[in-house]
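Structural characterization, general
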Amino acid sequence: MDARITKSRLANLLSYDWLKIAAVILAAVVAICVFFTMVQTRPGKYHVFTVFGYSGLVAGEGAQDFLEYLQRDVFSYDVLEVEQEAFGESRYSDTVLMARRTTEQGNVMLTSTNPIDPEDPSITVLSQLLGGENHTIALDLDVYFEDCKQYLVRFFGEDWENGPLIAAEAEACFLRRNGKDRRFRSEAKRAEGIRAEYERLEQLRRDYRFVMAQVESGALPLLDVEDENGVPRHKALGLGGLAGLRKYFYYTSTTSEEGAEGRNTENICIFLFKNDDDAGVPAEKVENDLRYETVSYLRALVERFGT
């Protein structure tokens, strides 16, 4: 049987079967794309850290660099993406924000205590956002910081400031959260992930110490917002003492002497969105271990823009 490939036979093949060949090539390309999409690690609900700027806040020239710094040097291995968005003051700003929050996007929001009504300075941007029944949008900071302390006790013992890491507890925490994660399928990758978990917890201990010192010294003052019963609750932290904050976020104000627009940060504050049901629960039952990444964010914020 003559099975030689000749120019005429090749031409006939291409004339009649080119559609089949194209279909096979297309199917192969699609299969490859589907394969890499399936094996690629996609950020889960808690693996993205998002910063919002609200009601007149403008991102400064250092905002993008800080975003990259957070991703590269601040957050733990389990934060896979870092995002930021400033909503401005357009008529669509609140609509966009509501859309984001419908899917629980956003970890922290920078806003201000600027008065909304000149005749009633008690009504501020912050109180309008979080006052009354709206206070449940944000975490109670007294509870949050105590929860973080108890979380550290879980991994370092009662002497959490000086005690050694309880490796078995840290490993169990890692396996519960990441045991089925594609990033850690091999034994080598799993061992690497457990070491990264050790460092996550050590870093959290260092960062918590730092942030609590800032709160206690008044560098990060706790701000009150009244709930629906008129009870004041610590819902935000004041950032006005950070001298370099205008490089990150600022609002414009008119100077009385010149009537010119200037960058101001005096009334800027920050609050933490409530994205889970872990507030006040025993540390060993916490589902969202990454809820304390905000502590590392706050430290980075002070260190980068505090002077």
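Cut-offs applied
- Residues numbered from 1 in each chain as written.
- Predicted model: local features only at pLDDT ≥ 70, side-chain atom pairs only at ≥ 80, totals over all residues.
- Heavy atoms only, no water.
- Helix = DSSP H or I, 4+ residues; strand = E, 2+ residues; numbered from the N terminus.
- Buried < 20%, exposed > 50% of the residue type's maximum accessible area, 1.4 Å probe, protein only.
- Contact = heavy atoms within 4.5 Å.
- Areas by Shrake-Rupley, 256 points an atom, 1.4 Å probe, with all protein chains shown as cover.
- Axes fitted to C-alpha atoms, helices over the stretch in contact; angles between N-to-C directions.
- Left-handed = near helix turned anticlockwise from the far one by under 90°.
- Nonpolar A, V, L, I, M, F, W, Y, C, P; charged D, E, K, R; others polar.
- Pairing = 2+ DSSP bridges.
- Salt bridge = Lys/Arg side-chain N within 4 Å of Asp/Glu carboxyl O.
- pLDDT = per-residue confidence, 0-100.
- Lys, Arg positive; Asp, Glu negative; His and termini not counted.
- Phe/Tyr/Trp six-rings, centres within 6.5 Å; stacked < 30°, edge-to-face > 60°.

Some details on the overall build of the chain
A count of helices and strands for the chain gives 8 helices and 11 strands. Within the chain, the proportion of its 307 residues that are buried is 40%. Long-range pairs, those at least 24 residues apart, make up 70% of the contacts in the chain with a sequence separation of at least 6. Split by element, the accessible area of the chain, about 17100 Å² in all, is 54% carbon and sulfur.

Description of the packing of helix H5 (residues 141–156) against helix H7 (residues 187–217)
With their axes 11 Å apart at the nearest point, H5 and H7 run at an angle of 145° to one another. In this structure, H5 meets H7 at a crossing whose hand is left-handed. Between H5, through Phe-145, Cys-148, Lys-149, Tyr-151, Leu-152, Phe-155 and Phe-156, and H7, the contact on the second element is made entirely by Arg-200, Leu-201, Glu-202, Leu-204, Arg-205, Tyr-208, Val-211, Met-212 and Val-215. Looking at the contact of H5 with H7, its residues break down into 12 nonpolar, no polar and 4 charged.

Describing the pairing of strand E1 (residues 48–53)
Burial of E1 is extensive: 6 of the 6 residues sit out of reach of the surface. Of the two faces of E1, the one holding Val-48, Thr-50 and Phe-52 and the one holding Phe-49, Val-51 and Gly-53 are both buried throughout. Bridging between E1 and strand E3 (residues 81–86) involves 6 bridges; their strand directions are parallel. Opposite Gly-53, over in E3, you have Ala-86 as the bridge partner.

Comments concerning the side chain of Thr-111
Relative to the assigned elements, Thr-111 resides in strand E4 (residues 108–112). Of the residues examined, Thr-111 reaches a relative accessible area of 0% and is grouped as buried. For Thr-111, the contacting residues outside a window of four places in its chain are Tyr-54, Ser-55, Leu-57, Val-125, Leu-126, Leu-129, Asn-267, Ile-268, Cys-269 and Phe-271.

Observations concerning the pattern of salt bridges
Going through the model one piece at a time under the given rule, you end up with 22 salt bridges. Where Arg-154 meets Glu-169, a salt bridge forms, and the shortest distance between an N and an O atom there is 3.0 Å. Residue Arg-154 is found in helix H5, and its partner Glu-169 is found in helix H6 (residues 167–178); the two are separated by 15 residues along the sequence. Judged by its relative accessible area of 14%, Arg-154 is buried. Residue Glu-169 is classed as partly exposed on the basis of its relative accessible area of 27%. A salt bridge links Asp-277 to Lys-274, with the shortest nitrogen-to-oxygen separation between them at 3.2 Å. Residue classification places Asp-277 among the exposed positions, given a relative accessible area of 66%. Within the structure, one salt-bridge network assembled from shared partners comprises Asp-78, Arg-176, Arg-177, Asp-181, Arg-183, Glu-197, Arg-200 and Asp-289.

A look at the sheet that holds E1
Spatial ordering of the open sheet is given by E3-E1-E4-E11-E8-E7, a layout of 6 strands whose pairing is mixed. Across the chains shown, the open sheet's two edge strands, defined by having one partner strand only, are E3 and strand E7 (222–226). Taken over all neighbouring pairs, the strand axes of this sheet differ in orientation by 30° on average, direction set aside.

Considering the confidence of the model for the chain
Across the chain, the average pLDDT comes to 88, with 83% of residues at 70 or higher. Within the model, the stretch residues 30–41 combines pLDDT values under 50 with 8 contacts to residues more than four positions away or in other chains.

A few points about unusual backbone geometry
The phi dihedral of Ser-55 falls on the positive side, at around 55°, and the residue is not glycine. A positive phi angle, close to 60°, is found at Glu-104, a residue other than glycine. For Glu-104, the location among the structural elements is in the loop between helix H3 (93–102) and E4. Residue Glu-104 is classed as partly exposed on the basis of its relative accessible area, which comes to 31%.

A few points about the side chain of Lys-235
On the secondary structure map, Lys-235 appears in strand E8 (residues 232–238). Buried within the structure, Lys-235 lacks any salt-bridge partner; Asp-140 is the closest side chain of opposite charge, at an N-O distance of 5.2 Å.

Quick word on the packing of aromatic side chains
Applying the stated criterion across every chain yields a total of 19 aromatic pairs. Their ring planes at 70° and their centres at 5.0 Å tell us that Phe-66 and Phe-305 sit as a pair that is edge-to-face. Placement of Phe-66 in helix H2 (residues 63–74) and of Phe-305 in helix H8 (residues 293–305) is noted, with a sequence separation of 239 residues between them. There is no split in this pair, since Phe-66 and Phe-305 are both buried. Taking the centre distance of 5.1 Å and the plane angle of 10° together, the rings of Tyr-248 and Phe-305 count as stacked. One end of the pair, Tyr-248, is in the loop between E8 and strand E9 (249–254); the other, Phe-305, is in helix H8, with 57 residues separating them in the sequence. Each member of the pair, Tyr-248 as well as Phe-305, carries the same accessibility label: buried. An aromatic cluster is defined as three or more aromatic residues linked by ring pairs; in this entry it consists of Phe-49, Phe-66, Tyr-69, Phe-75, Tyr-248, Phe-249, Tyr-297 and Phe-305.

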